[in-house]
Amino acid sequence: ASVVKFTDATTGVKQIEITVNNPAQNVQVTVTKYDTKPAAVSVAKTGTVYQYVQISTQNLADKLATAKVQFKVEKSKVSDKNKVIVSKFDETGKKWNELPTTFSSEDSAYYYYDAEVSSFSYFAISENAATSGSAGNAGSDTGRGSSGTTGSAGSLTWLWIVIGVVVLALLIWAVVRKK
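A brief structural summary. Keep in mind that this is a model prediction, so the values were computed, not measured.

**Structural notes on the overall build of the protein**
Helix and strand counts for the protein stand at one helix and ten strands. Reading the helices (α) and strands (β) of the protein from amino to carboxyl end gives β-β-β-β-β-β-β-β-β-β-α. Counting only residues that meet the buried cut, the protein has 34% of its 179 residues in that class. For the protein, long-range pairs separated by at least 24 residues make up 69% of all intrachain contacts whose partners lie at least 6 apart in sequence. Carbon and sulfur atoms make up 53% of the accessible area of the protein, which amounts to about 10,400 Å² in all.

**Digging into the environment of Val-84**
Turning to its location among the elements, Val-84 is positioned in strand S6 (residues 84-90). In this structure Val-84 comes out as buried when scored by relative accessible area, which is 5%. Put simply, Val-84 and Phe-103 are 19 residues apart on the chain and 8.2 Å apart in space, counted from C-alpha to C-alpha. In this structure Val-84 touches Tyr-50, Val-73, Val-78, Thr-101, Tyr-113, Ile-125 and Ser-126, once residues within four positions along its chain are discounted.

**Some thoughts on the sheet that holds strand S10 (residues 122-127)**
Overall, antiparallel pairing links the five strands, which are arranged S3-S4-S10-S6-S7 in an open sheet. Strands at the two margins of the open sheet, each flanked by one partner only, are strand S3 (28-34) and strand S7 (95-99). In this sheet, adjacent strand axes meet at a mean angle of 30° when their direction is disregarded. The pairing of S6 with S10 spans five bridges and is classified as antiparallel. Residue pairing for S10: Val-84 is matched across the bridge by Glu-127.

**Section: the environment of Thr-36**
Inspection of the secondary structure assignment puts Thr-36 in the loop between S3 and strand S4 (49-58). Along the backbone, Thr-36 and Val-53 are 17 residues apart, and their C-alpha atoms lie at a distance of 9.7 Å.

**As for the pairing of S6**
The buried fraction of S6 is high, at six of seven residues. The hairpin turn running from S6 into S7, its antiparallel successor, is four residues long, and Lys-94 in that turn takes a positive phi close to 55°.

Calculation rules
- Residues numbered from 1 in each chain as written.
- Predicted model: local features only at pLDDT ≥ 70, side-chain atom pairs only at ≥ 80, totals over all residues.
- Heavy atoms only, no water.
- Helix = DSSP H or I, 4+ residues; strand = E, 2+ residues; numbered from the N terminus.
- Buried < 20%, exposed > 50% of the residue type's maximum accessible area, 1.4 Å probe, protein only.
- Contact = heavy atoms within 4.5 Å.
- Areas by Shrake-Rupley, 256 points an atom, 1.4 Å probe, with all protein chains shown as cover.
- Pairing = 2+ DSSP bridges.
- Axes fitted to C-alpha atoms, helices over the stretch in contact; angles between N-to-C directions.

Pasting the structure below:
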């Protein structure tokens, strides 16, 4: 395994640990930061997106076994460090797939998260709106897409509305019964 560290604080990537299945030479790794959805990506990631990142490589395509990418997010942008997820854009399916994302550490300015990938593309660092169990499938980068996440959040909203209506009905019933 080789570790590539990035010194540019604005990229959203601290380091990439690359493991190859065949020897590779003259490997180049490029990280490009986007504040908004890149033009080459046809579908925007739903929810709060902190940053889009493109990771591209040269001389690595068929030699990559796995890679562990350490993403970073400014603390001032995050509402809950346990809700940050990384999603990878599936260019074939035209959708965002959540990756298993693990909080790894923090310093005075950033939270750091690890995500394992088997290929490189566009990534979105965002907030997970679901309450639990939506980190994707461990060991693969074909986790649940953004539609699964927003569906869970929508179901939870309706639950709170129903609970509110029931409580209000009970209060009205109690007042009418007293009279």
